[in-house]
Amino acid sequence: MALWIQILPGLDKPIYAQIVAQISENVAKGELLPGDKLPAVRKLAAELVINPNTVARAYNVLEQAGLVTTKTGSGTFISDPKLRTTDAADINMLTERMDTIITRGINLGLKSGDLVAMFKERLGKFANKQKSGKKKK
Amino acid sequence: MTETVLETYGLTKYYGGTLALDNMDLKIPRGCICGFVGRNAAGKTTAIKLMLGLLKPTAGSAKLLGCDSQNLTPAIRQRIGYVTEGHHLFHWMSIASLEKFQRAFFPKQWDDRFFSEMIEYFELPKNKKIKHLSHGQRAQVSLALALAPNPELLVMDDPTLGLDTAIRRQFLEGMIQLIMQQGRTVFFSSHILGDVERVSDRIVVIDKGVIRADCSLEQFREAVKKVKLSFSDCPPAQLDIEGLLHCRRSEKELELILIGTDDEKIKQWADSAAAIKYSIVKMNLEDQFIEFTAPPNHKKLFQWEKN
Amino acid sequence: MRFLALLKKELRECLPWLLIAAIAFLVLGGLALRLMIQSGAPFRYPYHFSPGSTVNRYLLRASPLLSTTGVWLFFISIVLGLALGIRQFFIPHFSRTWGFTIHRSINKLTILCAKLFVAAIAFIISLGTVWLLIYWYASLPEILPFLPEPRLFIEGWILIAMGFTVYLGTALAGLSKARWYTTKVFPLAFVLVIIATTVSQWKLSTAFAVMIIGSLILLSQIIHTFLNREF
């Protein structure tokens, strides 16, 4: 499993948030599976040329969101999806993102029916990846 | 209790009648990477030189590693790496001679392999004289000379000034490598906010000799907000919103720069001021810095009028 | 080890000037001596230095060496003093390397001592040895038969010492942070006074005394300025 993370300074999204977003996306797409180990903080920091504290912060945020668990001495691992919880802030963020997508779609001239169809298709792709990921394991 | 490796108390410097540094109070703990940002001639070099005892304060004091800056002992200087502004080195020396020279002052600390690896990585021939190097190459040598003795505290004055992107990245890599070792602290001035955002966990903003901010990078990022509001009529004259730094008015719009104001409070104020709509504008670190240090009534230099 | 590194660095920086001065004096001073001998020039006088009964013998016999070779020594010594002073104390300012030099695990005073020590050695090695050489050659019986004359030899060293005084004055001027048209040039003016006073002395011992006092004043000022200066 190769975890390729890219960060860009100078965006309005802080660096730690970019890491959180990319890891979250990887988990959602099934490219990171429960039990997978995230790179060590120092290793990732050296690779991305950023402060190790930023990586640590990103891992903290992921842990608080329930996406990962840290075992002292061993490292940080993707958590079991059954143990994850969602809270109001997460839902908020989700709705925000949805609004962005819907806005774009409407401006491109798509109708709600088209948008729903697109959504279903993408969901399907994610589900497939997750299934095949599980099969690999 | 984390030890303070760099501290200043009311550090002030006048050049004749000009105030270069006004009452600077700073406490940098061990293990911190602190980015010292400010515009040109904001007082960064003055502050750094005062900290290193190269300048004398008009008032106040500074301490490095617990030792007064005006009386830094050789033993303390041994633990401090310093990259000077402009990376000026003895131009007649070759890299190898400079290495020998510098190494003589760090008999036990000098990391031969590290220095050679760094110079090799930068593809610099050791027998080349400093006067035949470009500014960027000189900066690389300067950094290698400062890092090889493995200093506890690294103070750098605008280390990436004049360097191209690739070399800047290498500089940052070197800094990250250093900071990963226990107990190392870096204090560097820069006006390249992308670099500061990458490696710093703390930011100190200086403007016209005055420290305007001294906090974690996170806090700064979260605190500086820009809010745009539009009104059906004239915006209110009284702006009693907490944390207001600047405001810009136009006919029916208001742009506010707020420091440390809750999103909730912004919403409340917008409602109470009867704004038609408002939005919290997303800013990157550079935007935040510019807004934070902008003069109160700053006008735009270039304003294109419609003909 | 640290001091040695500083010495090596200072010496390497002064080396070109050291060599130029030595070679120039050897060539020009030597030529002057040869020319004087060949032309059989009548002895000239009076030379300021000496009073009393030794005067005539000295003036009549020895002064030509000083009035020809000695003039070259005087001139080159002063130029060497200026060159070393500029190299050690003006150039670091223009090349902005003071910061790099001062921030070291060594006492500030030691850094200054390295510079002064190297300059002193430079004068002794370059001009001193050549003077010794020329004097020894002139003292050969077939060259100038009335030599050796100790006083003459000493005066040569006074000329060399004057050059060192010029070096001290230049050093102090370099360290001064004032503008060139105000107090920055005072040390050089002071040096001119010293030289004029020395040269006009009748007694050798007074000449020495003036030099030493003047140099000590300059030296104390240099140390004080260096230790208290901003870089």
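Because the structure is predicted, anything quoted here is derived from the model rather than measured.

This part takes up the domain arrangement of chain A. With domains assigned, chain A is organised as domain 1 (15–83) and domain 2 (88–135). In this structure, domain 1 of chain A and domain 2 of chain A have C-alpha centres spaced 23 Å apart.

This part covers the sheet that holds strand β10 (residues 210–216) of chain B. All names here are of chain B. Taking strand neighbours across the sheet as the criterion, the six strands line up as β6-β7-β8-β3-β9-β10 in an open arrangement whose pairing is mixed. Edge strands, defined here as strands with exactly one partner in the open sheet, are β6 (80–83) and β10. On average, each strand axis in the sheet is inclined to that of its neighbour by 15 degrees, with strand direction left out of account. Both strand β9 (residues 202–207) and β10 contribute to a ladder of six bridges, which runs antiparallel. Each bridged residue has a counterpart across the sheet, and for I206 the counterpart in β10 is I211.

Residues and elements named next belong to chain B. Bridge analysis of strand β11 (residues 224–230) against strand β13 (residues 253–259) gives seven bridges, and the strand direction is antiparallel. Across the sheet, V227 pairs through a bridge with L256, a residue of β13. As defined by bridge partners, β11 adjoins strand β14 (residues 277–281) across five bridges and the pair is classed as antiparallel. Counted as the bridge partner of K228 is S279 from β14.

Chain A puts 14 residues into the contact, and the matching count from chain B is 18 residues. Elements represented by at least two residues in the side of chain A that touches chain B include exactly α2 (41–48) and α3 (52–64) of chain A.

Conventions we followed
- Residue positions are given per chain, counting from 1 as you read along its sequence in written order.
- Here chains are named by letter from A upward and ligands by number from 1 upward, in the order in which they appear as written.
- Local features in this predicted model are restricted to residues of pLDDT 70 or higher, and side-chain atom pairs are both shown and tallied only at a pLDDT of 80 or more, whereas totals for entire chains, interfaces and linings draw on every residue.
- Throughout, the edges of the domains are those of an automatic or database domain assignment.
- Any two strands with at least two DSSP bridges between them are considered paired.
- Secondary structure counts use DSSP, requiring at least four H or I residues in a row for a helix and at least two E residues in a row for a strand, with both numbered from the N terminus.
- As a rule, the C-alpha atoms of each element are fitted with a line to give its axis, helices using only the stretch in contact, and angles between N-to-C directions run from 0 to 180 degrees.
- Contact between two residues is assigned when their C-beta atoms, built from the backbone, lie within 7 Å.

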